[in-house]
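Architecture and fold: a report
Residues per chain, in single letters:
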Amino acid sequence: LEGRLRYIPPAGIRLGRWLEVHALWGYLGSILALTLLGLGAVAAPTVAWGGSILHTALAVLIGGVPAVSVAVGLVHSAVPRLVPPHLLPKMEFQDGIPRECTTLVAIPALLTSAEEIRALLRQLEQHYLSTLDENLLFALLTDFADAPQEHMPGDEALLAQAREGVRLLNQKHAQGRSTPFHLLQRKREWNPSEGVWMGWERKRGKLVELSDWLRGAATSSYVLADPSVPLPPIRYVITLDADSLLTRGGARRLIATLAHPLNQAA
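Let us look at the structure shown here. (Residues numbered from 1 in each chain as written. Predicted model: local features only at pLDDT ≥ 70, side-chain atom pairs only at ≥ 80, totals over all residues. Heavy atoms only, no water.)

With respect to the environment of R253
Secondary-structure assignment places R253 in helix 8 (residues 250-258). On a C-alpha basis, the gap between R253 and E92 in space is 8.4 Å, while along the polypeptide they are 161 residues apart. Those residues in contact with R253, other than ones at most four positions away along the chain, are K90, T247 and R248. (Helix = DSSP H or I, 4+ residues; strand = E, 2+ residues; numbered from the N terminus. Contact = heavy atoms within 4.5 Å.)

This is the structure in structure tokens:
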């Protein structure tokens, strides 16, 4: 349309469009250019004041970290002005998350101590209380700590505590609705490169295997701690760190965005 009308957008708009198409190169190139400019501003006075090549190299070396920091800060302040955020269309889930969009909030964690498990269970309950949605479920994705053996003294006690804690949460909050809380524990596997028994690929591995497990893969190392509480079909997964909190209604807005037809993955 702009070509038919022979319209030439302002330079700022053209630059913004170019950055959208070449986002990575524009971002890294801008940081590199500003860093070199900053290093040049350090090297030029050193040479002008009679510094030797060694003095100039030392000045550039000392100024490298500040130059990169300033460059990154300038680029980060400029990008939102040149490329403003685009609003994504959302569904309006006035009556809550529909069953076909059932979502699992997954929290990767380690079972390391009784106190850590109590903190994880408190966090799990806080997530639930900030959402209170029938089709939003919560799961701890847990590993034991790295160890010289596959099974260590105390493992079973920690797993029993986590299992009992999840059971009590379900007993407290599951009246009249689907079971909201789940525990997915992985077994240790031998890692020859690190020489220890550990959960495969640690945190990244938890999420990769969760995706495989939800799709029915038989190779996952997950063991459902309470087989009597099966997971329903899951459409989406939201991953949270153990120290993160869901904002009230935030999960529903995120799922409403994912569910919109114009936001579907190609």
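So, the packing of aromatic side chains
The final tally for this structure, using the stated rule, is four aromatic pairs. Ring centres 6.3 Å apart and planes at 80° place the aromatic pair Y128 and F138 in the edge-to-face group. Here Y128 is found in helix 5 (residues 114-129), whereas its partner F138 is found in strand 2 (residues 136-144), with 10 residues between them in sequence. F138 shares its class with Y128; the two are buried. Through a chain of ring-to-ring contacts, the aromatic side chains of Y128, F138 and F181 assemble into a single cluster. (Phe/Tyr/Trp six-rings, centres within 6.5 Å; stacked < 30°, edge-to-face > 60°. Buried < 20%, exposed > 50% of the residue type's maximum accessible area, 1.4 Å probe, protein only.)

Regarding the side chain of T102
With respect to the element layout, T102 can be found in the loop between helix 4 (53-82) and strand 1 (103-111). Here the side chain of T102 touches R99 through a polar contact of 2.6 Å, landing on its backbone oxygen. Setting aside its immediate chain neighbours within four residues, T102 contacts N135, L137, P232, P233, I234, R235 and Y236. (Polar contact = N/O pair within 3.5 Å; in protein donor to acceptor, adjacent residues only side chain to side chain.)

Brief notes about helix 5
Spanning 16 residues, helix 5 covers 23 Å between terminal C-alpha atoms, matching the ideal 22 Å at 1.5 Å per step. Turning to helix 5, its buried residues number three or more, namely I117, L120, L121, Q123, L124, E125, H127 and Y128. (Expected span 1.5 Å × (residues − 1).)

Keep in mind these numbers describe shape, not what the thing actually does.
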